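Structure assessment
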Amino acid sequence: MTTGERDRAPRWSTLLALLAERGRLGVGEAAQALEVSPATVRRDFNDLAAQQLVTRTHGGVVATAVAYDLPTRYKSDPDSPRTRVAAAAADRLPLGGVVGFNGGTTTTATVRHLLSRPGVADGSAGTTTVVTNALNIATELVLRPGVRCVSLGGVARAESYELTGSVAVEVMEQLWVDDLVLGVGGVDARSGATCRHDDEAGVNAAMVRRAARVHVVATGDKVGRTVFARICAVDAVTTLVTDDTAPAGALDALRDRGVEVVLA
């Protein structure tokens, strides 16, 4: 990989993540979000369009097949806070139990770190059962002989590969998990765990209700933050695994509510 390719990979990941959320992205707003020049954004837009990841429009891009961006969005950067959080969370999970994962980049990274632990993928540490509503996670797990993968039904969201809706909730209500790894849009001592979409929140809340322990995985920018839809109260959260950029005051407030905080 050339230096130029290494430099643009994080930009592309951010652009595609923003596009997945908004559906349309202009040159100006992208340049502001990335803190780069409009000319750099235009080149990135043209390159992404050439790979059929976006459709170019006058002044920006629109999402045409957002699922194409998933391999890029879920590519791990070994030095990123997300990777450190995922590794710390995976190392805390007991082997041979039942683990739940909702969708998202941090939970996907946690699954990959879990699979890298000795004895998990081949089953020599005992069979690990994974319950997930994320199609991309299920795809990564289905051929691992040491993992039994249970995928919830429902309606697939193209932006995240997550299965949502009443079918997913009904199936989840029939199951129990020992540990749930929960990706969130925000976590705060007063508002609890939140996400950006109400349909995702419904399934995530069902997963929380059926879990003995709930481990929220979130990079520091999501700590002390509240977004649109509530998943659960902070009292339902056992552990928060985050990085050292999380606001100290927000972490102290969570500790005061009984949440164990792990800094990666």
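Residues numbered from 1 in each chain as written. Predicted model: local features only at pLDDT ≥ 70, side-chain atom pairs only at ≥ 80, totals over all residues. Heavy atoms only, no water.

The next thing to look at is the domain arrangement of the chain. Think of interface size as the accessible area that goes away when the parts come together; that is how it is often given. If you check the domain split of the chain, you get domain 1 (3-63) and domain 2 (81-263). One C-alpha centre belongs to domain 1, the other to domain 2; they are set 28 Å apart. (Domains from an automatic or database assignment.)

With that settled, consider the packing of aromatic side chains. Enumeration over the complete set of coordinates arrives at 0 aromatic pairs. If you follow arginine 210 out to its NZ or CZ, it ends over the ring of tryptophan 176, 3.8 Å from the centre. (Phe/Tyr/Trp six-rings, centres within 6.5 Å; stacked < 30°, edge-to-face > 60°. Lys NZ or Arg CZ within 6 Å of the ring centre and 35° of its normal.)

It is worth spelling out the packing of helix α2 (residues 27-34) against helix α3 (residues 38-50) at this point. One can describe the packing of α2 onto α3 by two numbers: an axis separation of 9 Å at closest approach and a directional angle of 110°. By the angle between their directions, the pair α2 and α3 is classed as roughly perpendicular. Each of Val27, Ala30, Ala31 and Leu34 in α2 lies in contact with α3, whose residues at this interface are Pro38, Val41, Arg42 and Phe45. Considering only residue class, the contact of α2 with α3 consists of 7 nonpolar, no polar and 1 charged. (Axes fitted to C-alpha atoms, helices over the stretch in contact; angles between N-to-C directions. Helix = DSSP H or I, 4+ residues; strand = E, 2+ residues; numbered from the N terminus. Parallel < 35°, antiparallel > 145°, perpendicular 65-115°, else oblique. Contact = heavy atoms within 4.5 Å. Nonpolar A, V, L, I, M, F, W, Y, C, P; charged D, E, K, R; others polar.)

Before going further, it helps to examine the sheet that holds strand β13 (residues 229-232). Across a sheet, paired strands are connected by hydrogen bonds in the backbone, their directions being either parallel or antiparallel. A sheet is described by the order of its strands in space; here 3 strands give the open sequence β10-β11-β13, paired in antiparallel fashion. Pairing within the sheet leaves two strands with one partner each, and these edge strands are β10 (186-188) and β13. Within this sheet the neighbouring strands show an average axis-to-axis angle of 30°, counted without direction. In this sheet, β13 lies alongside strand β11 (residues 192-195) in antiparallel orientation, the contact comprising 3 bridges. Residue alanine 193 lies in a different strand from β13, and its bridge partner there is cysteine 232. Sitting on the sheet, helix α9 (residues 198-209) is in contact with β11 and β13, with an inclination near 10° to β13. (Pairing = 2+ DSSP bridges.)

Time to look at the state of the cysteines. Counting across every chain of the model gives 0 disulfides. Free cysteine: cysteine 195, not disulfide-bonded; nearest cysteine sulfur from cysteine 232 at 10 Å. (Disulfide = S-S within 2.5 Å.)

Let us look at the sheet that holds strand β2 (residues 55-57). One open sheet holds the 3 strands; their spatial order is β1-β3-β2, and the pairing between them is antiparallel. Because the sheet does not close on itself, it has two edges, and the strands there are β1 (24-26) and β2. Direction aside, neighbouring strands of the sheet carry axes that sit 25° apart on average. When β2 meets strand β3 (residues 60-62), the two strands line up antiparallel, connected through 3 bridges. Its bridge partner being in β3, threonine 55 is matched across the sheet by valine 62. Together, β1, β2 and β3 form the strand contacts of α3, whose direction differs from that of β2 by roughly 140°.

Let's shift gears to the side chain of threonine 132. Take threonine 132: it is sitting in strand β5 (residues 128-132). At 3.0 Å, the side chain of threonine 132 and the backbone nitrogen of alanine 134 are in polar contact. Apart from residues lying up to four places away in sequence, threonine 132 is in contact with Phe101, Ile137, Ala138, Cys149, Val150, Ser151 and Leu152. (Polar contact = N/O pair within 3.5 Å; in protein donor to acceptor, adjacent residues only side chain to side chain.)

Once that is clear, we can look at the environment of alanine 189. Summarising the element assignment, alanine 189 is placed in the loop between β10 and β11. On the accessibility criterion, alanine 189 (8% relative accessible area) is buried. Taking C-alpha positions, alanine 189 is 9.0 Å from aspartate 252, a pair spaced 63 residues apart along the chain. If sequence neighbours within four positions are ignored, alanine 189 has contacts with Val234, Ala253, Leu254 and Arg257. (Buried < 20%, exposed > 50% of the residue type's maximum accessible area, 1.4 Å probe, protein only.)

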